[in-house]
Amino acid sequence: MTRPAAFRASMAREWRFLARSPWDLALLTWLPLLLCGAIAWQLSDGVIRDLPVLLIDQDKTMIGRDLAIRIEAAPGLALAGRVPDLAAAEEMIRAKRAQAALLVPPDTAQRALRGEAPLILYFNASYPAAAAAVQREAGAIVDAANARLATEWIAAIAAPGSVRPAPVRAVTAIAWNAPASQELQLVSLLHPALLHLLFMLAVVSAFGRELRDGSIREWSPGVAALAGKAAPYLAVFMGWGLLATFWLSGVRGWQFAGSFTLFMAGYAAMYLAYLGVAVLLLGATRTLSQSLSITGLYAGASFAFAGAIFPLEQASAFARVWAGALPYTHFARLLARTWIAEGSAMAVAAPLLAMLGIALVTAVPGAILYLRAARDPDSWGRR
Amino acid sequence: MWAAFRALFAAIMTDRAAALLLFAAPLIYAGFYPSAYTGEVVVRAPVVVVDQDRSAASRDLVIRVGAAQQTELVASLPDIAAAESWMADGQAVAALIIPESFGGDIASGKTGTVVLIGHGAYLLRASSALTGIGVALGRTGREAAREQARAAGPPAPPALALQPRPLFNTREGYGAAVFPGVAFVIIHQSLLLGLALLAGTARERIGPDLRLTRRQLAGIALAASFIGLLDVGWFVGMVFWWHDYPRAAAPLLDVAIGAILFVAATVAAALALASIFPTRERPLQLVLPISLPLFFLAGLSWPAEATPTVLVALARLFPTTSGLELMVGLNQMGGSLKDYWHAALNLGLLTLLFGIFATRRWTSGLDVERGG
């Protein structure tokens, strides 16, 4: 058989298998749809709204009433109730009936005239996403309350000219993601995190099954046949990558700042790298169940190690080395430099080359080992 | 029943993949996963500065930003375009732009304005860096206020000052916020995968007629629950302490009951799921990828308040959602069982639901599709 013919025959054989095996087909069809869909749906709000906040008003003046109104009016917060003291508030926060409590201590109105009367915001730091949103919103509320108090109260009693704008101020902007949307940041990262794991499980299953069932004798692959077997998976998962990208950039409107083409090239490079690792795993272990377990360890925790949300520079030396060996880490960098912002040619090339490098150093020894196993009947049928 | 209890342990011991999933995985993940989070709080986030003013005030600000714990000045650049391309290349997560008029405005009693730009792809690091720059700016501002006061008298301070106080996770570490939840997803997945793998294997050996008596099923469930409780003890008692994650002194009895409820619901779900798959490797293929969505649905990294209501309700079908709420509440927040009675009830109902399903499937002979 010529190489193109072997490629086509192997590809057709794989399609026929998938058509007959609904569970294997699930990994390519409804499971990616279900998992990516759930994530997209969950984060479709993008910004957090109406977090329940308690007011502990021990001052009982116009300041507390003003803050209550502002909490209700803030889009991110909702007033969950008033409680007399911190103990009562903590009890409600523990029971998750509120995320935070704003304490207005006694004599706040008196102290406000002298300036910098403390208001204390207690927030549930065990739920970090909500905690960050509560702090941001409460800061804005207090700034607004200060502006009003400055003109209505303090100007009336303070020395003329002493109420003036602050000497410095900052105008803050978030580049390329003006609303600081978590939808753009998280969904753009979570979809490829799910897809590369599903992809690797699918190809490990495809190549491992042949060894497990001994069907590799009848298949008797060469390099072209290996490529032909991988082709349906690459095609289907490129399709899912395209669909996930279209959802966020086309439907949800998070448009590309840089090159869409290079980003999709990144998807292809990432899949190739995980394909290389998959074949290497099977060549080394010759056992499907072990390879799947290792896949869980290797591709299942990528999201934590990619350094996209939490900084990698501060992680342990082990974590940094491990992250560098994960194609997804480089893909996350490419994503920030093609989709979110437009990086320079060098900055875009580096992660692409890193992924292709991983593909190369795993696929070559992987193919050699796998083809060796393919000719060795002793290595078939392992569980 | 005790024969089945012992038989499960015997089966695990003779099956390397099952032993790996049920015994080794909780040990490996306890060291492996938190290593990504050892930093805990963001320090020295890379920042670039564009100082177009070059006045005493602007230089003062730049020095203070360089000294802030959260930030590290990586470059001083001539214009905004250069700052933007540094950020686009991923070399900085925030930029401080000091316009030409900054020093002059302060000197003449007006407001000196700076522009802060955070990187939209790195929201956590950018916001920490911006906080650090904000603190530096505040100090420069106080300095400037003293200067202004010589001409115009002391300014009136703002009426109110907000002081944030974190509860429970008081150091606000990100590992400390994430891992105490992730640990229960690990336990859940370890039991689900390990038991389903063993069930698939048994079915392959014995064939589709594999049937268990109620007592045998109870013995297996008890043995699996024993492993699950060991896992909970390992994470709650050892791993959280080892990484110094927040541990609240919740009543031991409440923690024990919470752990039993979570493990019972998980084992019931695992036995129900295990009755579906006819082959050994199938659960590994299909159950591994659900970990990430399970964690997000549990609401630690994305609050339930911002999740569509229908999805919040559906998420209650997984033991992890209520399990995380309950165990994080007891372990990290120091609540008691009555604070989370709805989560506890949810776990009880799931145990019942999955338990009935599993019992019916396993005792009446499995009608499993062949060839899967």
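Residues numbered from 1 in each chain as written. Chains lettered and ligands numbered in written order. Predicted model: local features only at pLDDT ≥ 70, side-chain atom pairs only at ≥ 80, totals over all residues. Heavy atoms only, no water.

Helix and strand counts for chain B stand at 14 helices and five strands. When each of the 372 residues of chain B is scored for burial, the buried share is 58%. Relative to all contacts within chain B whose residues are 6 or more apart in sequence, the contacts with residues 24 or more apart total 81%. If you sum the accessible surface of chain B, you get close to 15000 Å²; carbon and sulfur atoms cover 63% of it. Across chain B, the centroid of the 27 positively charged side chains sits 10 Å from that of the 25 negatively charged ones. (Helix = DSSP H or I, 4+ residues; strand = E, 2+ residues; numbered from the N terminus. Buried < 20%, exposed > 50% of the residue type's maximum accessible area, 1.4 Å probe, protein only. Contact = heavy atoms within 4.5 Å. Areas by Shrake-Rupley, 256 points an atom, 1.4 Å probe, with all protein chains shown as cover. Lys, Arg positive; Asp, Glu negative; His and termini not counted. Charge placed at Lys NZ, Arg CZ, Asp CG, Glu CD.)

The next thing to look at is helix 16 (residues 345-374) of chain A. Between its terminal C-alpha atoms helix 16 of chain A stretches 42 Å, which fits the 44 Å expected from 30 residues at 1.5 Å a residue. At Ala 363 of chain A, helix 16 of chain A shows its largest bend, some 25°, and a proline, Pro 365 of chain A, comes one to four positions later. (Expected span 1.5 Å × (residues − 1). Bend = angle between axes of the 7 residues up to and from the residue.)

What follows deals with the interface of chain B and chain A. The interface of chain B with chain A comprises 106 residues on the first partner and 117 residues on the second. Here chain B packs against chain A, burying approximately 9700 Å² in sum over the two surfaces, 65% of which is carbon and sulfur. Linking chain B to chain A there are two salt bridges. The salt bridge partner of Glu 281 of chain B is Arg 212 of chain A, with a shortest N-O separation of 2.6 Å. Between the two partners, chain B and chain A, sit 28 residue pairs in polar contact (both at pLDDT 80 or more). Of all the elements, helix 6 (residues 123-152) of chain B adds the most residues to the side of chain B that touches chain A, at 11 residues. Its residues assigned to classes, the side of chain B that touches chain A comprises 68 nonpolar, 24 polar and 14 charged. (Buried area = accessible area lost by both parts, 1.4 Å probe. Salt bridge = Lys/Arg side-chain N within 4 Å of Asp/Glu carboxyl O. Polar contact = N/O pair within 3.5 Å; in protein donor to acceptor, adjacent residues only side chain to side chain. Nonpolar A, V, L, I, M, F, W, Y, C, P; charged D, E, K, R; others polar.)

A few words now on the environment of Ala 75 of chain B. Residues and elements named next belong to chain B. Mapped onto the secondary structure, Ala 75 falls in strand 2 (residues 71-76). Along the sequence, Ala 75 and Ala 7 sit 68 residues apart, while their C-alpha atoms lie 65 Å from each other. Ignoring sequence-local partners within four residues, the contact set of Ala 75 consists of Val 47, Val 48, Val 49 and Trp 86.

What follows deals with the nonpolar core. Formed by 250 residues in total, the largest nonpolar core has its most connected members in Phe 207 and Phe 303 of chain A together with Leu 160, Phe 179 and Phe 184 of chain B. Among the elements that take part in this core, helix 8 (residues 182-213) of chain A stands out by supplying 19 residues, more than any other. When residues no more than four places from it in sequence are discounted, the contact partners of Leu 160 of chain B are Ile 63, Thr 108, Ala 112, Glu 116, Ala 117, Leu 119, Val 142, Ala 145, Asn 146 and Leu 149 of chain A. (Core = buried A, V, L, I, M, F, W, Y, C linked by side-chain atoms within 4.5 Å.)

Within the open sheet, the five strands sit side by side as 5(A)-4(B)-3(B)-1(B)-2(B). Their pairing is mixed. The strands lining the two open edges of the sheet, one partner per strand, are strand 5 (168-175) of chain A together with strand 2 of chain B. Within this sheet the neighbouring strands show an average axis-to-axis angle of 25°, counted without direction. Inspection of the sheet shows strand 1 (residues 45-51) of chain B paired to strand 3 (residues 94-98) of chain B by five bridges, in the parallel sense. By the bridge assignment, Val 50 of chain B is partnered in strand 3 of chain B with Ile 97 of chain B. (Pairing = 2+ DSSP bridges. Axes fitted to C-alpha atoms, helices over the stretch in contact; angles between N-to-C directions.)

On to the sheet that holds strand 1 (residues 51-57) of chain A, then. Paired through backbone hydrogen bonds, the strands of a sheet run either parallel or antiparallel to each other. In space, the five strands of this open sheet follow the order 2(A)-1(A)-3(A)-4(A)-5(B), with mixed pairing throughout. Among the strands making up the open sheet, the edge pair consists of strand 2 (77-82) of chain A together with strand 5 (160-167) of chain B. Ignoring which end each strand starts from, the neighbouring axes of this sheet average 25° apart. Two strands pair when backbone bridges link them, and strand 1 of chain A and strand 3 (residues 100-104) of chain A are joined in this way by five bridges, in the parallel orientation.

Turning our attention to the pattern of salt bridges. Note that side chains of opposite charge can pair when their charged atoms are close. A full pass over the atoms with the stated rule returns 19 salt bridges over all chains. Between Glu 90 of chain A and Arg 94 of chain A there is a salt bridge, with the nearest N and O atoms lying 3.3 Å from each other. Taken together, the residues span about one helical turn, with Glu 90 of chain A and Arg 94 of chain A both in helix 5 (residues 86-94) at a distance of four residues. Note that Glu 325 of chain B is salt-bridged to Arg 316 of chain B, the shortest N-O span being 2.9 Å. Connected through shared salt-bridge partners, Arg 13, Glu 14, Asp 24, Arg 209, Glu 210, Glu 218 and Lys 229 of chain A together with Arg 282 of chain B make up one network.

So, on to the domain arrangement of chain B. For chain B, the assigned domains read domain 1 (2-37 + 173-363) and domain 2 (45-152). Averaged C-alpha coordinates put domain 1 of chain B and domain 2 of chain B at centres separated by 48 Å. (Domains from an automatic or database assignment.)

All names here are of chain A. Counting through the fold element by element, Pro 118 comes out in strand 4 (residues 117-124). Given the relative accessible area of 14%, Pro 118 is considered buried. Here the alpha-carbon distance between Pro 118 and Leu 103, two residues 15 residues apart in the chain, equals 8.9 Å.

For the structure on display, the rule yields 35 aromatic pairs over all chains. Measuring from centroid to centroid gives 5.7 Å for Tyr 267 of chain A and Tyr 271 of chain A, while their planes differ by 35°, and the two rings are tilted. Within this pair, Tyr 267 of chain A and its partner Tyr 271 of chain A are both found in helix 11 (residues 260-285), separated by four residues, close to a single helical turn. Arranged with centres 6.4 Å apart and planes meeting at 85°, the rings of Phe 179 of chain B and Phe 240 of chain B form a pair that is edge-to-face. With Phe 179 of chain B in helix 7 (residues 174-206) and Phe 240 of chain B in helix 8 (residues 214-242), this residue pair connects regions lying 61 residues apart in the sequence. Phe 179 of chain B gets classed as buried once you look at its relative accessible area, which sits at 0%. Looking at Phe 240 of chain B, the relative accessible area reads 1%, which means it is buried. (Phe/Tyr/Trp six-rings, centres within 6.5 Å; stacked < 30°, edge-to-face > 60°.)

A contiguous nonpolar surface patch, about 540 Å² in accessible area, is contributed by Trp 41 of chain A together with Val 310, Leu 314, Leu 317, Phe 318 and Leu 353 of chain B. Within the secondary structure, Leu 353 of chain B is located in helix 14 (residues 341-363). (Patch = residues over 30% accessible without salt bridge, like charges linked within 9 Å, V, L, I, M, F, W, Y side chains within 5 Å.)

A few words now on the domain arrangement of chain A. What the domain assignment lists for chain A is domain 1 (3-43 + 185-379) and domain 2 (51-157). On a C-alpha basis, the centres of domain 1 of chain A and domain 2 of chain A stand 48 Å from each other.

All names here are of chain A. Along the chain, the position of Arg 286 falls in the loop between helix 11 and helix 12 (288-300). With a relative accessible area of 15%, Arg 286 lands in the buried category. There is a polar contact of 3.0 Å between the side chain of Arg 286 and the side chain of Asp 376.

Looking now at the pairing of strand 3 of chain A. Across the five residues that make up strand 3 of chain A, a large majority, five, are buried. The side-chain alternation of strand 3 of chain A yields two buried faces, one formed by Ala 100, Leu 102 and Val 104 of chain A and the other by Ala 101 and Leu 103 of chain A.

Attention now goes to the environment of Leu 192 of chain B. Residues and elements named next belong to chain B. Along the polypeptide, Leu 192 turns up in helix 7. Residue classification places Leu 192 among the buried residues on the basis of a relative accessible area of 6%. Put simply, Leu 192 and Leu 330 are 138 residues apart on the chain and 24 Å apart in space, counted from C-alpha to C-alpha. Filtering out sequence-adjacent residues up to four positions away, Leu 192 remains in contact with Thr 266, Ala 269, Ala 270, Leu 273 and Val 287.

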